[in-house]
Amino acid sequence: MQLARFPRLTLAHLPTPLEPMERLTAHLGEPRLLVKRDDCTGLALGGNKTRKLEFLMAEAQAQGADCIITTGGVQSNHVRQTAAAAARLGFDCHLVLGRTVPWNDPDYEATGNVQLDRLLGAELHLVAGDTDRNAAMAALADELSAAGRKPYVIPSGGSNAVGALGYVGCALELEEQANRQGLVIDYLMHATGSAGTQAGLIAGFHAVNSRTRVLGIDIDAEPEAVASKIRHIAGKTAASMDLAPPDDAATVVESGYAGAAYGLPTPEMAEAVRLAARLEGLVLDPVYTGKAMAGLIGLVRQGRFKSTDTVVFLHTGGAPGLFAYRSVFEG
Ligand SMILES: *Cc1c(COP(=O)(O)O)cnc(C)c1O
């Protein structure tokens, strides 16, 4: 399996660090916890989408595109990293932003990721929460094509078999770090949403026959839909590397930590964000990593892991979103 045969640009600071979380490990008692710092990928405050964009933007360039269209919620981290990649590579960037989260904090549409989208020079198209955003992107692509432009459309979260290659790369990188540090990683845990991260990790570990198990924490309150999307993308990603699809059982999505819906805070999330900040100096976010850390804490408390297990928490970024939820953390 050679990742180097796929077109790729350099956008991320790699490898990201793999660090122990000694105080959180002591606080919870067991298992041994480490954090893989994909919040440190470097592009416009970093995050997991940057790894995907190295492959997606290479495809855009290869196709002769001159502008990028993508979509997400108002506080999307994917959209912010795409706007930054587009700026760096000299593409115009159009963002279809859905008002999907019923969160009425006045900061929500002014600060955090959306403030950065504007700063990065992207053109924002805000739409109602129930808008079909794929159709809106297709209409925008038609409009731009009719005007003589060459748009390249990136799906929500950059999650397709091309974007997932970024997380094949992360799996290989982690495997190498573990080998060098003499670590056996039993579990890798992370927030799972549009499925590309988990699909890529599963395909990557499958490619090198790793025994590390991936645990996705559902943050959408739609665990079955996410799991079937992960299996689909993991199969396509494996096929693009001339591999058989990973076993269906490799896809594990843990539910119970999303709360009522995507983007709505939970008390467990707020506790987890505070704990990570105060014990590890780690800044998590309310939408993804805070809920994933709540999932990790919940699974530890349920006795899901052996005391001898080594569990890596993949920090997928997202901290700019904190500022859109200021009221949750006041007092
Ligand atoms: C997008 C995102 C995720 C989820 O990754 P997917 O590939 O969409 O499943 C997790 N954490 C953060 C901070 C994100 O922005």
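Residues numbered from 1 in each chain as written. Predicted model: local features only at pLDDT ≥ 70, side-chain atom pairs only at ≥ 80, totals over all residues. Heavy atoms only, no water.

## Notes on the sheet that holds strand β4 (residues 92-99)
Strand order in the open sheet made by the 4 strands is β5-β4-β3-β6, with parallel pairing throughout. Pairing within the sheet leaves two strands with one partner each, and these edge strands are β5 (123-128) and β6 (151-153). Direction aside, neighbouring strands of the sheet carry axes that sit 25° apart on average. In terms of strand pairing, strand β3 (residues 67-73) meets β6 through 3 bridges, oriented parallel. Residue pairing for β6: Ile-69 is matched across the bridge by Val-153. (Pairing = 2+ DSSP bridges. Helix = DSSP H or I, 4+ residues; strand = E, 2+ residues; numbered from the N terminus. Axes fitted to C-alpha atoms, helices over the stretch in contact; angles between N-to-C directions.)

## A word on the domain arrangement of the chain
Structurally, the chain comprises domain 1 (18-47 + 160-330) and domain 2 (49-158). Averaged C-alpha coordinates put domain 1 and domain 2 at centres separated by 24 Å. In this assembly, 34 residues from domain 1 lie in contact with 29 residues from domain 2. When the two sides are added together, the surface that domain 1 and domain 2 hide from each other amounts to roughly 2600 Å², 59% of it contributed by carbon and sulfur. Together, Leu-43, Val-162 and Ala-324 form the three largest contributors to the area buried by domain 1 at its contact with domain 2, with a combined 22%. Where domain 1 meets domain 2, there are 3 salt bridges. Here Glu-173 makes a salt bridge to Arg-51, at a shortest N to O gap of 2.9 Å. Across the domain 1-domain 2 interface, the total number found is 10 residue pairs in polar contact (both at pLDDT 80 or more). Contributions of two or more residues to the side of domain 1 that touches domain 2 are made by α6 (165-181) and α7 (196-207). No other element matches the 6 residues that α6 contributes to the side of domain 1 that touches domain 2. (Domains from an automatic or database assignment. Contact = heavy atoms within 4.5 Å. Buried area = accessible area lost by both parts, 1.4 Å probe. Salt bridge = Lys/Arg side-chain N within 4 Å of Asp/Glu carboxyl O. Polar contact = N/O pair within 3.5 Å; in protein donor to acceptor, adjacent residues only side chain to side chain.)

## A short note on the pattern of salt bridges
Side-chain pairs of opposite charge can arise where the charged atoms are in close proximity. Applying the stated criterion to the full structure yields 16 salt bridges. Across the salt bridge formed by Asp-107 and Arg-326, the nearest N and O atoms sit 2.9 Å from each other. Separated by 219 residues along the polypeptide, Asp-107 in the loop between β4 and α4 (112-119) and Arg-326 in the segment after β10 (310-315) bring together distant segments of the chain. Judged by its relative accessible area of 16%, Asp-107 is buried. Exposure remark for Arg-326: the relative accessible area of 48% places this residue in the partly exposed category. Salt-bridge contacts for Glu-254 lead to Arg-304; the nearest nitrogen and oxygen are separated by 2.7 Å. Placement of Glu-254 in strand β9 (residues 252-254) and of Arg-304 in the loop between α10 (289-301) and β10 is noted, with a sequence separation of 50 residues between them. Look at Arg-304 and you get partly exposed, because its relative accessible area is 35%. Connected through salt bridges with shared partners, the residues Lys-36, Asp-38, Arg-51 and Glu-173 form a single ionic network. (Buried < 20%, exposed > 50% of the residue type's maximum accessible area, 1.4 Å probe, protein only.)

## Concerning the packing of helix α9 (residues 267-280) against α10
Where α9 contacts α10, the two axes come as close as 8 Å, and the packing angle between them is 95°. When the axis of α9 is compared with that of α10, the two are roughly perpendicular. Residues Glu-268, Met-269, Glu-271, Ala-272, Val-273 and Leu-275 of α9 form the contact with α10, whose own contacting residues are Gly-290, Lys-291, Met-293, Ala-294, Ile-297 and Arg-301. For the contact of α9 with α10, the residue count by class is 7 nonpolar, 1 polar and 4 charged. (Parallel < 35°, antiparallel > 145°, perpendicular 65-115°, else oblique. Nonpolar A, V, L, I, M, F, W, Y, C, P; charged D, E, K, R; others polar.)

## With respect to the environment of Val-283
With respect to the element layout, Val-283 can be found in the loop between α9 and α10. C-alpha of Val-283 to C-alpha of Ala-261: the two residues are 22 residues apart in sequence and 22 Å apart in space. Not counting the four nearest positions on each side in its chain, Val-283 is found in contact with His-315, Ala-319 and Leu-322.

## Quick notes on the environment of Gly-64
Its location among the elements puts Gly-64 in the loop between α2 (49-62) and β3. Accessibility expressed as a relative area gives 38% for Gly-64, which makes it partly exposed. Taking C-alpha positions, Gly-64 is 7.1 Å from Lys-150, a pair spaced 86 residues apart along the chain.

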